[in-house]
Amino acid sequence: MVSHKEFETAGKAPGLQIWRIENMDLKPVPKNLYGNFYTGDAYLLLYTTTAPSYYIHMWMGNECSQDESGAAAIFATQLDDFLGGGPVQFREVQNNESLTFLGYFKSGIKYKQGGVASGFHHVLTNDVDVKRLLHIKGRRAIRATEVEMSWSSFNKGDCFIVDLGKEIYQWCGSDCNRFERLKASQLAIDIRDNERNGRAKLIMVEDGAEPDALTKVLGPKSSITPATPDNEEVETSNKKKAALYMISDASGSMKTSVVAQTSPFKQEMLSLDECYILDNGVDKNVFVWKGPNANTSERKAAMKAAEQFIKEKNYSSKTQIQVLPAGGETTLFKQFFSNWKDKDQTTGPTKAYTIGKIAHVEQIPFDASSLHNNKAMAAQHNMVDDGSGKVQIWRVEGGDRVPVDPSTYGQFFGGDCYLILYSYKQGSREQHIIYTWQGLKSTQDELAASAFLTVQLDDSMGGAPVQVRVTQGQEPPHLMSLFKGKPMIIHSGGTSRKDGQTKTGSMRLFHIRQSSSRATRAVEVEPSASNLNTNDVFVLKSPDCVFVWKGAGASEEEMVAAKYVVSVLGRQSTDVVEGKEPAGFWSALGGKKEYQTSPTLQKMVKPPRLFGCSNKTGRLVVEEVPGDFTQSDLATDDVMLLDTWDQIFLWIGKEANEVEKRESPKIAKDYVDSDPSGRHGLPITTIKQGAEPPTFTGWFQAWDPNMWDTDPLERIRAPAKL
């Protein structure tokens, strides 16, 4: 088996690894330049889940040479081989990437002109001589393309970023809407924090109010072309059915025989001894499924077989290809089968991961005592160690870092950003992790300072630490385990500065949940019965008493964590069991309400999917939100469709227009009726922004009912409140 030296680190830890093809060899791309792609190059990407399971992507730029794309294909095959033939493989083409790929880059991907042949390298730099113009397209999946530095490149319907190194200008066309501005701002912030290490100034510019600095670079402003409609999206009602073929010999002259002309298919049509092609070419998708007992040469030639199939069918060269091993099927593939059942699943409420190499490795329960010599356990639970190393915490204050009193370690406030330095021994070597924790109510200046201070701390330690950026509510299990057996407590607002805590409400509710590694977290949520969850424990503090509510599916460790939260609140408590609550408990919460009672929330086999329905381009289109979605993906000027497999929700944003409101129920019905797996007659629940039931909010981690009290764009532009 051929093994490249770069493969030594491949798949060893959860997360993303990216290499570029340079002179027919693999060169790693620096981590803080992930999301930047040169259009003249080919790349290889590997995504490793905590399970672990693997996703290999080869990405080809529009101007990439035949040799480079060939080399990427060879390395992809070698990497697949190196990882035991278990990974899912994708072929990606610039501007037509899969949602899986786009989901890795939540703040967007940037296409840069040139490539390795013309001397362009991925170099870490605080280069102040940068001069480029980026055209931002998309509302769900953000793509920034480098265009000619000229007013003729602009149009009134989009956002543009004029990047001058020390200053980054975000220009918004007069017809560009709020959500697009917000997404473009996130990309501009990403350039500032990752490419400039927080050392650049971000300036918002409106069409018609350009500062002199811009006209100096771009020349006198000429007339700007009107907005251009984007007609590339496919409406869900256009979904055609698929066909299923068996590959008889992928190694010699490939022959395909029809197994079924139209979907939905039955899972038993796939024999473990064969390879198959699922042809959904009408939607620019072709899948190859590899049976575990098929002959090795057939399985290795799977990607070639798909490319040959596309040529024979005269499909577009931009058709996406996914090569799937048995047990590693993607949601998109599984939806073509009416009776798909998965074995040995799953981790967390929004992802269905296959466990192990594919489905044959049993899930390893967490045991801290054997963690240091059990790599599979460490990967499965995303734990480098048991959290018993040295912890130092600073708060970001006035652009500097201020030490936090160790007696309050483990308590975090939503109005602050923190740097947590964790040091531990691995063998004889000392290792370090810097966690940058960013509160949802911290200012834009604090967020920028936290990125800058992280780089500063990293530099002072010789660049050795691992850096992990954490948003409030998305804490990894390892961070939760650093507080010596105590739960991590997250207060919704305020700051941990002396006398800086906001006056807390008379009612407070803390949601306590344990991770797979047995670390616990207590997150303050809105004190309402609708926030309860049958799988967890909650602490409710009212002026008169404190209740500890135990859901039917909650663990004893969650109860222990709850008692600690009670001690922090400084009160005695009364235990309440789900289903036997006293009247005083419900009245303290403002009355009994419906809450998330589904025990399957943490055992999802089919991950939920989120779509936006928008007619901003002049006609109603439906786009899927890539990656793990969050509450901020709900566009307030759209109608959103949430598919939780056995239910469809339509969420109406406050600024959605009449066409979107009127037509979206029809889209939801078409979406269900045209689903290749044959789901019909599903309940479709329509809800309004600001009045979301727990059956909807329960699918979003750390839902914030006050998120839209202030305009997110205003929050990003808000001056410092340090």
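Each remark here, short or long, concerns the structure printed above.
Sequence order sets the numbering: in each chain, residues are counted from 1 along the sequence as written. It should be noted that, the model being predicted, local features are given only for residues of pLDDT at least 70 and side-chain atom pairs only at 80 or more, the latter also being counted only at that level, while totals for whole chains, interfaces and linings use all residues. Side-chain numbers come from the whole structure's heavy atoms, not from hydrogens or water.

## Comments concerning the packing of helix H3 (residues 178-195) against helix H9 (residues 444-460)
Using the following cut-off: Helix axes are fitted only over the stretch in contact, all axes being lines through C-alpha atoms; the angle between N-to-C directions runs from 0 to 180 degrees. Secondary structure elements are taken from DSSP: a helix is a run of H or I of four residues or more, a strand is a run of E of two residues or more, and numbering for both begins at the N terminus. Rotating anticlockwise by less than a right angle from the far helix to the near helix defines a left-handed crossing, while the corresponding clockwise rotation defines a right-handed one. We call two residues in contact whenever any of their non-hydrogen atoms come within 4.5 Å of each other. Put simply, Ala, Val, Leu, Ile, Met, Phe, Trp, Tyr, Cys and Pro go in the nonpolar bin, Asp, Glu, Lys and Arg in the charged bin, and everything else, Gly too, in the polar bin.
Two elements in contact, H3 and H9, have axes whose closest approach is 9 Å; the angle formed by their N-to-C orientations is 35°. In terms of crossing hand, the pair formed by H3 and H9 is right-handed. Where H3 approaches H9, its residues Ile189, Arg192 and Asp193 are matched on the opposing element by Gln444, Leu447, Ala448 and Ala451. Across the contact of H3 with H9, the residue classes tally to four nonpolar, one polar and two charged.

## Concerning the nonpolar core
We apply this condition: Only buried Ala, Val, Leu, Ile, Met, Phe, Trp, Tyr and Cys residues count toward a nonpolar core, and they belong to the same one when joined by side-chain atoms within 4.5 Å. Burial classification: accessible surface area is computed with a 1.4 Å probe over protein chains only, and a residue below 20% of its type maximum counts as buried, one above 50% as exposed, and the rest as partly exposed. What fixes the domain bounds is an automatic or database domain assignment.
Judged by nonpolar contacts, the single largest core of 36 residues is most densely connected at Leu44, Leu46 and Leu79. Tallying contributions element by element places helix H6 (residues 302-312) first for this core, with six residues. Each of domain 1 (5-118) and domain 3 (243-338) contributes no fewer than three residues to this core. If sequence neighbours within four positions are ignored, Leu44 has contacts with Gln17, Ile18, Trp19, Leu26, Ile56, His57, Ala72, Phe75, Ala76 and Leu79. In terms of nonpolar packing, the next biggest core, distinct from the first, is built from 34 residues, Val29, Tyr43, Ala141 and Trp340 among them.

## Examining the packing of aromatic side chains
For any pair of aromatic rings, the description consists of the separation of the ring centres together with the inter-plane angle of the planes. Defined as follows: Within 6.5 Å between ring centres, the rings of Phe, Tyr and Trp (the latter by its six-membered ring) count as paired, and their orientation is classed by plane angle as stacked under 30 degrees, edge-to-face over 60, tilted in between.
Taken as a whole and assessed by the stated rule, the structure comprises 31 aromatic pairs. Note on Trp59 and Tyr111: the rings are 6.2 Å apart at their centroids and 25° apart in plane angle, and the pair reads as stacked. With Trp59 in strand S5 (residues 54-60) and Tyr111 in strand S7 (residues 109-112), the pair connects residues that are 52 residues apart, well separated along the chain. Assessed through its relative accessible area of 0%, Trp59 is described here as buried. Between Tyr276 and Trp289, the ring centres sit 6.0 Å apart and the planes meet at 55°, which makes this aromatic pair tilted.

## Section: H9
Rules: Expected helix span is computed as 1.5 Å times (number of residues minus one).
Look at H9: 24 Å from first C-alpha to last across 17 residues, which is about the 24 Å you get at 1.5 Å a residue. Within H9, twelve of the 17 residues are buried, which leaves the element mostly enclosed by the surrounding structure. Those residues of H9 lying buried are Gln444, Glu446, Leu447, Ala448, Ala449, Ser450, Ala451, Leu453, Thr454, Val455, Leu457 and Asp458. Remark: Gly462 follows H9 within two positions and exhibits a positive phi of approximately 75°.

## A look at the pattern of salt bridges
Note the cut-off: Basic side-chain nitrogens of Lys or Arg form a salt bridge, by our definition, when they fall within 4 Å of a carboxyl oxygen of Asp or Glu.
Taken as a whole and judged by the stated rule, the model has 32 salt bridges. One salt bridge connects Lys106 with Asp633, and the closest N-O pair in it is separated by 3.2 Å. Linking Lys106 in the loop between helix H2 (99-102) and S7 with Asp633 in the loop between strand S31 (621-624) and strand S32 (639-643), this pair joins segments that are 527 residues apart in sequence. Under the relative-accessibility criterion, Asp633 is labelled buried at 5%. When salt bridges that share partners are traced, they join Lys112, Arg132, Asp163, Glu195 and Arg196 into one network.

## So, the sheet that holds S31
Threshold: Should DSSP find at least two bridges between two strands, the strands are taken to pair.
If you trace the five strands from one edge of the open sheet to the other, you get S31-S30-S32-S33-S34, paired in mixed fashion. Single-partner strands in this sheet number two, and they are S31 and strand S34 (684-688). In this sheet, neighbouring strand axes are inclined to one another by 25° on average, regardless of whether the strands run parallel or antiparallel. Sheet analysis places strand S30 (residues 609-614) next to S31, joined by four bridges and oriented antiparallel. Each bridged residue has a counterpart across the sheet, and for Phe611 the counterpart in S31 is Glu624. Packing of helix H13 (residues 658-673) onto the sheet brings it into contact with S30, S31, S32, strand S33 (648-652) and S34, and relative to S33 it is tilted by some 165°.

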